[in-house]
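Descriptive analysis of the structure
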Amino acid sequence: MEGSERGNTLAKFEESRWADSNFSQDYRDNSDRYLPFRDQFIQVAKLGYKNFISKKNAASILDLGCGDGLFIYELAKASPFLNATLVDASSEMLSVAKARLSNKENIDFIKASFQQISDSDPLNKKFDFIYSSLAIHHLSFSEKKRLYSYIFDHLSPGGYFFNYDVVLSPTTMLEEWHLSLWREWIKSHSTIEVPNKFLNIPSKYKSNPDNVPDTLESQIKVLRNLGFQNVDCVFKYGIFSLFVGSRSKEKDNNSIHSDTDSAALHPCR
Ligand SMILES: C[S@@+](CC[C@H](N)C(=O)[O-])C[C@H]1O[C@@H](n2cnc3c(N)ncnc32)[C@H](O)[C@@H]1O
């Protein structure tokens, strides 16, 4: 079978740990202590928005699995006039996001699971920039494919999708190393007061059945097959990856660098 699959392909958000108030509170309180280079991942996504989208008047943005609204909050600091739609299946996360963004205009909050979004399209509009962080790995491979297809259909011409998420390492040997890189990062960011409190997070992540990551390669392949252009992984640390794709403009002058081209361009080869 290709990719991650569960017996029950339509995973119920209500059965996941994100529906548990203590679990989501703990994430909001502590995730900065154990998510490696989170600020940098967000910064690269913001720079992507600035480079590809921000010149457009009243650009519309969709954040899928917005959690407490951190990304749109950060993006709005640099781009105060954006129109954003934040989606999450957790009403608790959405109410924290609403409070955080309470002084911003043109922000919609929608309580829906990714499965509901793919099935019944409650949003029914197109977006210039679709972002998601640390959320899509909760879907099985077939659910991911449906959501990526939904995302492609809901990008405006020239629009970009940025996905910052955990991925499955391609081999067990690499996975062991990637998880040890994660532990190293946590260790080096521990404080004197709580020296080792979060060192078990990588093991907990591995044993939590809500996490069903797929490899970067398989997801990149899906994006390309759906018709996304400019597909690439633009930032990576171990299993943490930021990968992107765009929808072509009508008149796109966007040539692809084949391996031969890149060998010719690369000064080290
Ligand atoms: C790790 S948090 C990430 C939140 C935020 N994007 C961030 O980067 O901090 C995962 C989020 O995905 C949401 N989520 C998980 N499964 C979902 C699903 N099937 N449909 C919609 N949201 C889901 C959770 O409620 C949670 O807010």
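Above this note sits the structure.
Predicted model only: the values in this text are computed from it and were never measured.

Here the focus is the nonpolar core. The nonpolar side chains of soluble globular proteins are, as a tendency, buried together. Judged by nonpolar contacts, the single largest core of 52 residues is most densely connected at Ile61, Ile72, Phe129, Ile130 and Phe162. It is strand S5 (residues 155-166) that provides the largest number of residues to this core, a total of five residues. Setting aside residues no more than four positions away along its own chain, Phe129 makes contact with Tyr49, Ile53, Ala59, Ile61, Gly159 and Tyr160.

With that settled, consider the sheet that holds S5. The strands making up a sheet are joined through hydrogen bonds of the backbone, oriented either antiparallel or parallel. Spatial strand order, S3-S2-S1-S4-S5-S7-S6: seven strands in an open sheet with mixed pairing. Looking at which strands have only one partner, the edges of the open sheet turn out to be strand S3 (107-111) and strand S6 (229-237). Strand-to-strand, the axes of this sheet are offset by a mean angle of 15°, without reference to chain direction. Relative to S3, strand S2 (residues 83-88) runs parallel, the two sharing five bridges. Paired with Thr85 across the bridge in S3 is Asp108. The sheet contacts of helix H9 (residues 216-226) involve S6 and strand S7 (240-246), and relative to S7 the element is tilted by about 10°.

What follows concerns unusual backbone geometry. A positive phi angle, near 60°, is found at Asn106, a position not held by glycine. You can see Asn106 is positioned in the loop between helix H4 (91-100) and S3. Backbone geometry places Asn230, a non-glycine residue, at a positive phi of 50°. Its place among the elements puts Asn230 in strand S6.

What follows covers the site of the ligand. Every one of the 18 residues lining the ligand counts as a neighbour, but Gly65, Gly67, Ala89, Ser90 and Ser133 are closest to it. Its residues assigned to classes, the shell around the ligand comprises 10 nonpolar, seven polar and one charged.

The rules behind each value
- Residues numbered from 1 in each chain as written.
- Predicted model: local features only at pLDDT ≥ 70, side-chain atom pairs only at ≥ 80, totals over all residues.
- Core = buried A, V, L, I, M, F, W, Y, C linked by C-beta atoms within 7 Å.
- Buried ≥ 20, exposed ≤ 12 C-beta atoms within 10 Å, placed from the backbone.
- Helix = DSSP H or I, 4+ residues; strand = E, 2+ residues; numbered from the N terminus.
- Contact = placed C-beta atoms within 7 Å.
- Pairing = 2+ DSSP bridges.
- Axes fitted to C-alpha atoms, helices over the stretch in contact; angles between N-to-C directions.
- Near = placed C-beta within 6 Å.
- Nonpolar A, V, L, I, M, F, W, Y, C, P; charged D, E, K, R; others polar.

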